[in-house]
Amino acid sequence: MWILSKAFLLFICLLCSSNNGAYADDNDLSHSHIVSVSSLLPPNVCNRTRTALPQGPDKASLEVVSKYGPCSRLNQGISTHAPSLEEILRQDQQRLHLKNSRRLRKPFPEFLKRTEAFTFPAKINDTVADEYYILVAIGEPKQYVSLLLDTGSDVTWTQCKPCIHCFQQRDPFFYASKSKTFFKIPCNSTSCRILRESFPFGNCNSKECPFNIQYADGSGSGGFWATDRITIQEANSNGYFTRYPFLLGCINNSSGDKSGASGIMGLDRSPVSIITRTNTSYFSYCLPSPYGSTGYITFGKTDTVNSKFIKYTPIVTTSEQSEFYDIILTGISVGGKKLPFNTSYFTKFGAIIDSGNIITRLPPPIYAALRSAFHKRMKKYKKAKGLEDLLDTCYDLSAYKTVVVPKIAIHFLGGVDLELDVRGTLVVKSVSQVCLGFATYPSDPNSITLGNVQQRGHEVHYDVAGRRLGFGPGNCS
């Protein structure tokens with residue numbers, strides 16, 4: 001009887017293994033997120049208490065807000081069209097085309113780098129996809145403007161009065177005439193001549209040194225070069241730094257749309273970015289996940305207590321240094337298993353990290369392998385229609401209260417692993433259209449861009465002086 005019972009139990013175990021084996025193998029719970037479907041939806045209530053700004057000497061921290069979320073003040077009091085997810089991703093794709101054309105240009109000539117501090121030429125390219133903003137002060141006395149953060153852009157610029165034609169913005173326009181420290185770069189100056197030799201921005205027939213911004217969506221903005229004081233200051237006034245003179249773009253004629261923001265803060269490694277202009281050797285940020293909370297950006301080095309939790313990968317440095325933050329990927333894992341490519345295959349692709357791009361873009365072979373591995377572990381869920389030609393791996397989760405989503409980890413040179421939050425894995429339009437937040441690189445099949453979706457919820461550290469990029473646990477999720 002005991003032998004019969006044992007045999008029966010063995011049969012039941014084998015039957016269970018046969019029925020559930022694929023699920024257990026493809027959805028190893030130790031390498032999966034178990035999440036409520038309703039929690040994937042973007043919140044409509046702001047919860048600022050979730051995020052505490054980093055404090056300490058020799059640093060200044062500012063609140064970072066998504067312009068699309070409920071904490072945003074940019075769309076309050078102005079008439080503006082709220083873009084759909086498709087429109088946001090389309091703008092993201094346009095921005096990527098533009099950034100790629102800029103990335104492939106030659107670096108700054110050495111003779112231009114030896115000129116006065118504010119006369120470096122700037123490659124001013126932008127589009128409306130930038131998402132996260134901060135509040136900074138320009139001029140003396142201070143005038144506050146909302147600037148979109150962009151580690152893939154160089155120039156810091158804002159709309160200025162008087163304005164021929166400007167897009168709507170939440171904050172008052174910057175009045176140059178009210179700033180005692182404002183200075184226009186003259187048309188006949190050496191500074192303007194050097195700028196125009198490399199970037200011919202129309203006719204120089206006035207007292208101003210003109211420039212023009214061309215967007216990937218066909219719109220554009222025009223203005224002039226100037227210098228003024230820029231101030232980064234915490235709300236509690238403990239953290240503070242200022243820089244004067246600071247190269248500033250003044251926009252006074254625009255057909256673009258910044259969704260309520262005043263302009264851009266350029267955070268790349270070029271000679272004209274705020275990082276170079278303020279001699280900032282270290283900064284970090286945490287982009288909020290979800291939209292219902294806020295994040296932060298900190299100018300200044302992290303404290304020694306938290307530094308032990310940060311893992312660094314090198315920022316690639318060559319004789320022809322890029323102004324972007326170039327990094328090297330060594331692999332990607334889905335559900336604890338690496339994609340079937342060796343490290344040398346990944347390292348041959350150029351990669352950058354960009355706070356302005358939305359989703360991570362991959363070469364077609366890597367994306368195809370990622371999509372296949374992800375779908376293998378999501379095959380119990382009904383496939384949904386993709387988001388136009390933007391995202392092609394989507395699921396209808398409307399029949400479920402809880403789902404199991406495989407964890408994705410991105411591996412970098414130096415043994416650094418970035419394990420993505422579930423909101424860093426999925427892009428959600430509705431519970432019936434939940435998509436994998438990766439896509440191919442449309443304009444360059446040999447490049448990788450790490451977008452802000454995959455950065456959300458983590459602290460991303462830019463050790464500019466040490467030429468390394470770090471990832472650590474964030475306090476904004």
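Residues numbered from 1 in each chain as written. Predicted model: local features only at pLDDT ≥ 70, side-chain atom pairs only at ≥ 80, totals over all residues. Heavy atoms only, no water.

Trainee: Please provide a residue-by-residue account of the overall build of the protein, values included.
Mentor: Across its full length, the protein carries 9 helices and 31 strands. Counting only residues that meet the buried cut, the protein has 56% of its 477 residues in that class. Accessible surface, the protein as shown: approximately 20100 Å² in total, 54% of it carbon and sulfur. (Helix = DSSP H or I, 4+ residues; strand = E, 2+ residues; numbered from the N terminus. Buried < 20%, exposed > 50% of the residue type's maximum accessible area, 1.4 Å probe, protein only. Areas by Shrake-Rupley, 256 points an atom, 1.4 Å probe, with all protein chains shown as cover.)

Trainee: How would you explain the pattern of salt bridges if you had to name every residue and give the values?
Mentor: Evaluation of the coordinates by the stated rule reveals 11 salt bridges. Note that aspartate 389 is salt-bridged to arginine 90, the shortest N-O span being 2.9 Å. Taken as a pair, aspartate 389 in the loop between strand E21 (382-384) and strand E22 (394-396) and arginine 90 in helix H2 (residues 85-103) lie far apart in primary sequence, 299 residues in all. Ionic pairing is found between aspartate 326 and arginine 269, a salt bridge with its closest N-O pair at 3.5 Å. Of this pair, aspartate 326 sits in strand E16 (residues 325-327) while arginine 269 is found in the loop between strand E12 (263-266) and helix H5 (274-277), placing the two residues 57 residues apart along the sequence. The same class applies to aspartate 326 as to arginine 269, namely buried. One connected set of salt bridges, linked through shared partners, spans Arg90, Glu388 and Asp389. (Salt bridge = Lys/Arg side-chain N within 4 Å of Asp/Glu carboxyl O.)

Trainee: Give a description of the side chain of threonine 280 that names residues and reports values.
Mentor: Along the chain, threonine 280 turns up in the loop between H5 and strand E13 (282-286). One polar contact links threonine 280 to threonine 278, side chain to side chain, over a distance of 2.6 Å. Once residues lying within four places of it in the same chain are set aside, the contact partners of threonine 280 are Phe241, Ile274, Ile275, Phe299 and Val464. (Polar contact = N/O pair within 3.5 Å; in protein donor to acceptor, adjacent residues only side chain to side chain. Contact = heavy atoms within 4.5 Å.)

Trainee: An account of the state of the cysteines is requested, with residue identities and associated values reported.
Mentor: In total, this model carries 6 disulfides according to the counting rule given. The disulfide partner of cysteine 160 is cysteine 250, and the S-S distance across this bridge is 2.0 Å. An S-S torsion of about -80° defines the bridge between cysteine 160 and cysteine 250 as left-handed. Placement of the pair is cysteine 160 in strand E6 (residues 157-161) and cysteine 250 in strand E11 (residues 240-254), with a sequence separation of 90 residues. Assigned by exposure class, cysteine 160 and cysteine 250 land together as buried. Disulfide pairing places cysteine 286 opposite cysteine 476 at an S-S distance of 1.9 Å. Of note, the bridge from cysteine 286 to cysteine 476 carries an S-S torsion of about -75° and is left-handed in sense. Separated by 190 residues along the polypeptide, cysteine 286 in strand E13 and cysteine 476 in the segment after strand E31 (468-473) bring together distant segments of the chain. Of the two residues examined, cysteine 286 and cysteine 476, each falls in the buried class. (Disulfide = S-S within 2.5 Å.)

Trainee: With reference to specific residues and values, describe the environment of tyrosine 285.
Mentor: Inspection of the secondary structure puts tyrosine 285 in strand E13. Between the alpha carbons of tyrosine 285 and cysteine 476 there is a distance of 9.6 Å; along the sequence they are 191 residues apart. When neighbours within four sequence positions are excluded, tyrosine 285 is seen to be in contact with Thr151, Tyr296, Ile297, Ile353, Ser355, Gln455, His458, Glu459, Val460 and Tyr462. Here the side chain of tyrosine 285 touches glutamine 455 through a polar contact of 2.5 Å, side chain to side chain. A polar side-chain atom of tyrosine 285 sits 2.6 Å from a polar atom in the side chain of tyrosine 462.

Trainee: Give me unusual backbone geometry: which residues, what numbers.
Mentor: Here the bond from lysine 161 into proline 162 is cis, since omega is 0°, no more than 30 degrees from zero. Within the fold, proline 162 resides in the loop between E6 and strand E7 (174-175). Cis geometry marks the peptide bond from tyrosine 244 to proline 245; its omega dihedral reads -5°. Summarising the element assignment, proline 245 is placed in strand E11.

Trainee: Please give an account of the packing of aromatic side chains that cites residues and values.
Mentor: A complete count under the given rule lists 14 aromatic pairs for this structure. Measuring from ring centre to ring centre gives 4.7 Å for tyrosine 325 and tyrosine 462, while their planes differ by 70°; the resulting arrangement is edge-to-face. Taken together, the positions of tyrosine 325 in strand E16 and tyrosine 462 in strand E30 (residues 458-463) put the pair 137 residues apart, joining distant regions of the chain. Among the residues examined, tyrosine 325 registers a relative accessible area of 0% and is labelled buried. Residue class for tyrosine 462 comes out buried when judged on its relative accessible area of 0%. When the ring of tyrosine 381 is compared with that of tyrosine 400, the centres are 4.9 Å apart and the planes differ by 85°; the resulting orientation is edge-to-face. Pair noted here: tyrosine 381 is in the loop between helix H8 (364-377) and E21 and tyrosine 400 is in the loop between E22 and strand E23 (402-406), with a separation of 19 residues, a long-range link. For tyrosine 381, a relative accessible area of 3% translates into the label buried. Taken together, the aromatic side chains of Phe283, Tyr285, Phe299, Tyr325 and Tyr462 make up a single cluster linked through ring pairs. (Phe/Tyr/Trp six-rings, centres within 6.5 Å; stacked < 30°, edge-to-face > 60°.)

Trainee: Would you mind going over H8 in detail, with residue names and values included?
Mentor: With 14 residues, H8 extends 20 Å from end C-alpha to end C-alpha; this agrees with the ideal 20 Å at 1.5 Å per step. Listed in full, the buried residues belonging to H8 are Ile366, Tyr367, Ala369, Leu370, Ala373, Phe374 and Arg377. Each buried residue of H8 sits inside an arc of 160° when the element is viewed along its axis, so together they form one side. (Expected span 1.5 Å × (residues − 1). Arc of directions from axis to C-beta.)

Trainee: Break down the sheet that holds strand E26 (residues 426-430) for me, with residues and values.
Mentor: Strand pairing in a sheet takes place through backbone hydrogen bonds and is either antiparallel or parallel in direction. The sheet built from 4 strands is open, its strands ordered E21-E22-E27-E26 with antiparallel pairing. The open sheet terminates on both sides in strands that have one partner only, identified here as E21 and E26. Ignoring strand direction, the axes of neighbouring strands in this sheet form an average angle of 35°. As defined by bridge partners, E21 adjoins E22 across 3 bridges and the pair is classed as antiparallel. Residue pairing across strands places lysine 382 opposite aspartate 396, the latter belonging to E22. (Pairing = 2+ DSSP bridges. Axes fitted to C-alpha atoms, helices over the stretch in contact; angles between N-to-C directions.)

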